[in-house]
Amino acid sequence: MDNKSNVWNIVSWLFGIVVLVIGIINTFWGNDLGFGVFLIVLSVVYFPPTNIIFKKITGFSIPLVIKILLGLFIIWAALGVGELFNKIELMMMDLE
């Protein structure tokens with residue numbers, strides 16, 4: 001593996017974890033169970049082992065451009081429509 005591949009794997013893992021956490025927050029705080037589960041399912045796309053399994057099953061992997069566009073949609077939906085910061089505030093009040 002070269003350095004470029006390692007960098008993309010690290011970025012992919014980090015973004016997948018961020019989307020997973022956003023999905024968990026949306027699932028348990030703020031009454032957005034469906035949206036939270038949707039984000040949790042989408043987070044799986046960003047984990048490199050899932051990409052390997054998907055490629056073995058289907059014969060092709062999800063292109064980087066699609067992952068970037070999907071990531072932009074997730075960020076837009078979570079921050080704008082999903083009111084992520086309000087849900088984080090609810091979570092913090094609940095954990096105190």
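Look up a bit, the structure's there.
Since the model is a prediction, treat every value here as computed from it, not as a measurement. (Residues numbered from 1 in each chain as written. Predicted model: local features only at pLDDT ≥ 70, side-chain atom pairs only at ≥ 80, totals over all residues. Heavy atoms only, no water.)

**Quick look at a nonpolar patch on the surface**
Here's step 1: A cluster of nonpolar side chains, V7, W8, V11, L64, V65, I66, I68, L69 and L72, forms an exposed patch at the surface whose accessible area comes to about 840 Å².
Here's step 2: Counting residues per element, the nonpolar patch draws most heavily on helix α4 (residues 64–81), which supplies 6 residues.
Here's step 3: Overall, the relative accessible area of 53% leaves L69 in the exposed class. (Patch = residues over 30% accessible without salt bridge, like charges linked within 9 Å, V, L, I, M, F, W, Y side chains within 5 Å. Areas by Shrake-Rupley, 256 points an atom, 1.4 Å probe, with all protein chains shown as cover. Salt bridge = Lys/Arg side-chain N within 4 Å of Asp/Glu carboxyl O. Helix = DSSP H or I, 4+ residues; strand = E, 2+ residues; numbered from the N terminus. Buried < 20%, exposed > 50% of the residue type's maximum accessible area, 1.4 Å probe, protein only.)

**Details of the packing of helix α1 (residues 3–28) against helix α2 (residues 33–43)**
Here's step 1: Two numbers describe how α1 lies on α2: the axes approach to 7 Å, and their chain directions differ by 165 degrees. One element, α1, and the other, α2, form an angle in the roughly antiparallel class. The hand of the α1/α2 crossing is left-handed. Of the residues in α2, those in contact with G16, V19, L20, I22, G23, I24, N26 and T27 of α1 are L33, F35, G36, V37, L39, I40 and S43.
Here's step 2: Of the residues assigned to the contact of α1 with α2, the class counts are 9 nonpolar, 6 polar and no charged. (Axes fitted to C-alpha atoms, helices over the stretch in contact; angles between N-to-C directions. Parallel < 35°, antiparallel > 145°, perpendicular 65-115°, else oblique. Left-handed = near helix turned anticlockwise from the far one by under 90°. Contact = heavy atoms within 4.5 Å. Nonpolar A, V, L, I, M, F, W, Y, C, P; charged D, E, K, R; others polar.)

**Regarding the packing of aromatic side chains**
Here's step 1: Considering all chains together, one arrives at 4 aromatic pairs under this definition.
Here's step 2: Ring geometry for W13 against F47: centres 5.1 Å apart, planes inclined by 45 degrees, an arrangement best described as tilted. Placement of W13 in helix α1 and of F47 in the loop between α2 and α3 (48–58) is noted, with a sequence separation of 34 residues between them. (Phe/Tyr/Trp six-rings, centres within 6.5 Å; stacked < 30°, edge-to-face > 60°.)

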